[in-house]
Amino acid sequence: MHLVLISGLSGSGKSIALRVLEDANYYCVDNLPSRLLQPLVEQLDQQGYDNVGVVIDIRGGDSVAMLPLQLDALRADDLELQFLFLDAQDGTLIKRYSETRRRHPLASDLLTLTEAIVEERLRLAGLAALGHHIDTSGVKASVLREWVRQFVNMEASADPCQGLTLLFESFGFKHGIPLDADLVFDVRCLPNPHYDPNLRPLTGLDAPVIDFLEAESDVLRMRGDITAFVRAWLPSYVQDSRNYLTVGIGCTGGQHRSVYLAEWLGREFRNCARVLVRHREMRSLTTPSRAAP
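A brief look at the structure comes next. Everything numeric here is computed off the predicted structure, so don't read it as measured data. (Residues numbered from 1 in each chain as written. Predicted model: local features only at pLDDT ≥ 70, side-chain atom pairs only at ≥ 80, totals over all residues. Heavy atoms only, no water.)

### Some points on the overall build of the protein
In step 1: Within the protein, the secondary structure is distributed over 9 helices and 10 strands.
In step 2: Taken over the C-alpha trace, the protein has a radius of gyration of 20 Å; the compact-globule value for 293 residues is 19 Å, and the two agree within 12%.
In step 3: The C-alpha extent of the protein, read off along each of the three principal axes, is 60 × 45 × 30 Å.
In step 4: In the protein, which comprises 293 residues, the proportion classed as buried is 51%.
In step 5: For the protein, the share of sequence-separated contacts (at least 6 apart) that also reach a separation of at least 24 residues comes to 78%. (Helix = DSSP H or I, 4+ residues; strand = E, 2+ residues; numbered from the N terminus. Rg over C-alpha atoms; globule rule 2.2 N^0.38 Å. Buried < 20%, exposed > 50% of the residue type's maximum accessible area, 1.4 Å probe, protein only. Contact = heavy atoms within 4.5 Å.)

Below is the structure:
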């Protein structure tokens, strides 16, 4: 059985993620209390279901605290497990609730919407690091659907680190550091193509920008240093039973330098882990082979 578990903050896009699985012919269950997860998996396995998607979140009550132990038990069974945790900045969640006029699961006469979001974040804090963490702040539904499809359809490599999914995410510091980043590298000190009028409208995926950056010795040195750091510590993350590691690469606007480096790093590591490359400010997910070599 291939089991995809989805959790995260209310309003972060869990329903969108579950619909992606439904469209892919997964048997899907929303708002399942955590204590019912193991019986459900056993029952569906007996009935011959190969692909199952389940959402477990704060709506299931305090039993969501049982999920870490259940993840360990499920990984010990003979099934393929992927865990997706969706997150978003408080301001984004408040805006979404204001637009939809829906009630937060923890909202009450004693808790405002803002207080309910803070309380939910505290209760789910222990889950964010257990799965593939996606910050959906400012992300359109169509882009999130593509990110989820890419995550679910990842193919394993033949390397000893194949159990780890390595995500390189470019971003712009002026838009904030992504919530889903485990490691963050600041590359704003590098020469900026933005100041060349011919390069300004382009991105780090375009050959003229790549040529500009690769002609700069500081860019090559930074690229090598980041590569050496990630390569040196990647085995330690694997030994720590980490299934997902997100490396954020940030420049000022998230258009040129960080995009180039994220793409290059994705190609560099594609043979030693399952690799994804994501460009937050471009609102799209690309494969590591897209940029020119």
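Let us keep going from here.
### Some words on the packing of aromatic side chains
In step 1: A complete count under the given rule lists 5 aromatic pairs for this structure.
In step 2: Arranged with centres 5.6 Å apart and planes meeting at 40 degrees, the rings of F168 and F269 form a pair that is tilted. Of this pair, F168 sits in strand 6 (residues 165-172) while F269 sits in the loop between helix 9 (257-268) and strand 9 (274-279), and the two are 101 residues apart along the sequence. Across the pair, F269 and F168 agree in class, each one buried.
In step 3: If you follow R188 out to its NZ or CZ, it ends over the ring of F173, 3.8 Å from the centre. (Phe/Tyr/Trp six-rings, centres within 6.5 Å; stacked < 30°, edge-to-face > 60°. Lys NZ or Arg CZ within 6 Å of the ring centre and 35° of its normal.)

### Quick word on the pattern of salt bridges
In step 1: Under the defined criterion, the tally for this structure stands at 15 salt bridges.
In step 2: A salt bridge links E146 to R149; the nearest nitrogen and oxygen atoms lie 3.3 Å apart. Here R149 and E146 lie together in helix 6 (residues 141-152), a separation of 3 residues that amounts to about one turn.
In step 3: Several salt bridges converge on common partners, so that one network encompasses K14, D30, D57 and R59. (Salt bridge = Lys/Arg side-chain N within 4 Å of Asp/Glu carboxyl O.)

### Focus: the sheet that holds strand 3 (residues 51-55)
In step 1: An order of 2-3-1-4-5 is seen for the 5 strands of this open sheet, with the pairing classed as parallel. In the strand order of this sheet, the two ends are held by strand 2 (27-29) and strand 5 (132-135), each with one partner. Ignoring which end each strand starts from, the neighbouring axes of this sheet average 20 degrees apart.
In step 2: Note that strand 2 and strand 3 share 3 bridges and pair parallel. Each residue of the ladder has a partner; that of Y27, found in strand 3, is V52.
In step 3: Sitting on the sheet, helix 3 (residues 67-76) touches strand 1 (2-8) and strand 4 (80-87), and the angle it makes with strand 4 is about 155 degrees.
In step 4: Contacts from helix 6 reach strand 1, strand 4 and strand 5 within the one sheet, and its direction differs from that of strand 4 by about 155 degrees. (Pairing = 2+ DSSP bridges. Axes fitted to C-alpha atoms, helices over the stretch in contact; angles between N-to-C directions.)

### Regarding the pairing of strand 1
In step 1: Of all 7 residues in strand 1, 7 are buried; the element is thus mostly enclosed.
In step 2: Every second residue of strand 1 is oriented toward a common face, with H2, V4, I6 and G8 on one face and L3, L5 and S7 on the other, all of them buried.
In step 3: Summarising the sheet, strand 1 and strand 3 pair through 5 bridges and their orientation is parallel. When the bridges of strand 3 are listed, L5 appears paired with V54.
In step 4: Of the pairings in the sheet, the one linking strand 1 to strand 4 comprises 7 bridges and is parallel in character. By the bridge assignment, I6 is partnered in strand 4 with L84.

### Remarks on the pairing of strand 6
In step 1: Judged by how many residues are buried, strand 6 sits mostly within the fold: 8 of 8 residues are covered.
In step 2: Bridge analysis of strand 6 against strand 8 (residues 244-251) gives 8 bridges, and the strand direction is parallel. By the bridge assignment, E169 is partnered in strand 8 with G248.

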